[in-house]
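# What the coordinates show
Chain residues, written in single-letter form:
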Amino acid sequence: MKENLDRRHFLESAGAVAAGAAAVALAGASAARADEPPANAKVRILAISGSHRKGKTTATALKIALDSAQAVSPNIETELLELVDYKLDPVQPGAPFKDDYEKLGAKITDLAVGGIIFGTPVYFSNMSSLMKTFIEHWGPYKKSFALSNKAAGVLAVAGARNGGQENASQSIMAALLGMEMICVGDGRPTAHSGATLWNNAKDDITQDETGVATAKGLGRRVAEVALRLAGKGK
Ligand SMILES: Cc1cc2nc3c(=O)[nH]c(=O)nc-3n(C[C@H](O)[C@H](O)[C@H](O)COP(=O)(O)O)c2cc1C
């Protein structure tokens, strides 16, 4: 009950959705999920890289965001997943998945996961095809709402300063909103719609001081909101 009230308070003060309806929906969702993690469990923050290149700028930027999330509280634990490590086929409506999606699906829908940071390289001003293929596996969640009420943020890395980072982020966020995820930005002082980085030093993304600050802000913000949603934050 206390947790429900904490969640209600958060939603009302954040103004994220119409408060009354949201509180009722959240209370219902919470009551339906008797298999919630124990009260002393850590809140897990996942980062998911949609880069076709393992360990490159998108992964590095996500690690920076996760380090920042970890610094928020000892009650946080983090994990980076790289989609390139999994076989993901294009989704055929109505057909069962014959690829590695179930492994990823189990990880992202785990109730211990309070927040997810989605990272994509910008390809032709939008998300990578790998990230899009991953998201297109979420059709079943339109019924189960297995991602509902997890905090979410988006990070985009491009080869140009204005290479389409915001468009790619908005495109991913449209899908996240459809999952009832609670989207956050990079928080104050910049407080924009996510982390936007510029690969301007031959794949050494740490050289983009401004972009790195947005990645840190995003990680912090996802962690803060995930903790509040779990009834463990201020
Ligand atoms: C197919 C492709 C399309 C790209 N399109 C864009 C683009 O539209 N705008 C841009 O600024 N950079 C673009 N880039 C550059 C990448 O976004 C940039 O190199 C990024 O850092 C790659 O991420 P990674 O290091 O994780 O692979 C493109 C790269 C590739 C391979």
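It should be noted that the structure appears before, not after, this text.
Below or above, wherever it landed, is the structure these notes cover. (Residues numbered from 1 in each chain as written. Predicted model: local features only at pLDDT ≥ 70, side-chain atom pairs only at ≥ 80, totals over all residues. Heavy atoms only, no water.)

### Some points on the side chain of N199
Applicable threshold: In this description a helix means any DSSP run of H or I spanning at least four residues, a strand means any run of E spanning at least two, and both kinds are numbered starting from the N terminus. We call two N or O atoms a polar contact when they sit within 3.5 Å, provided that within protein one can donate a hydrogen and the other can accept it, with sequence-adjacent residues counted only if both atoms are side-chain atoms. In this analysis, two residues are considered to be in contact whenever any of their non-hydrogen atoms come within 4.5 Å of each other.
As for its position among the elements, N199 is in the loop between β6 (195-198) and α8 (209-229). Polar side-chain contacts of N199 include one of 2.8 Å to the side chain of D203. Those residues within four positions of N199 in sequence are excluded, and the remaining contacts are R53, T57, V157, A158, G159, D204 and I205.

### Quick look at the packing of aromatic side chains
Inclusion rule: Stacked, tilted and edge-to-face are the three classes applied to pairs of Phe, Tyr and Trp rings, where Trp contributes its six-membered ring and a pair requires centres within 6.5 Å; stacked means planes under 30 degrees apart, edge-to-face means over 60, and tilted covers the rest. Burial here depends on accessible area, computed with a 1.4 Å probe over protein chains only, as a share of the maximum for the residue type. Under 20% is buried, over 50% is exposed, and the range in between is partly exposed.
All told, the structure shown has 5 aromatic pairs when counted by the stated rule. Both rings, one in W138 and one in Y141, keep their centres 6.5 Å apart while their planes meet at 40 degrees; by these two values the pair is tilted. As far as the burial class goes, W138 and Y141 line up, both buried.

### Details of unusual backbone geometry
With an omega of 10 degrees, the peptide bond running from R188 to P189 counts as cis. Structurally, P189 is set in the loop between β5 (182-183) and β6. The phi angle at D203 is positive, at roughly 75 degrees, despite the residue not being glycine. Locating D203 in the fold gives a position in the loop between β6 and α8. You can call D203 partly exposed: its relative accessible area is 30%.

### Structural notes on the site of the ligand
Basically, it comes down to this: We call a residue near a molecule or strand as soon as one heavy atom of that residue lies within 4 Å of the molecule or strand. For accessible areas, the Shrake-Rupley method is used with a probe of radius 1.4 Å. Any residue's cover is judged against the shown protein chains and nothing else.
In the vicinity of the ligand there are 16 residues, among which S51, R53, T57, T58 and V122 approach most closely. Interatomic distance of 2.8 Å between a side-chain N/O atom of R53 and an oxygen atom of the ligand. The protein chains hide 73% of the 640 Å² of surface that the ligand would expose on its own. For the shell around the ligand, the secondary-structure elements that each account for two or more residues are α3 (57-72) and β4 (151-158).

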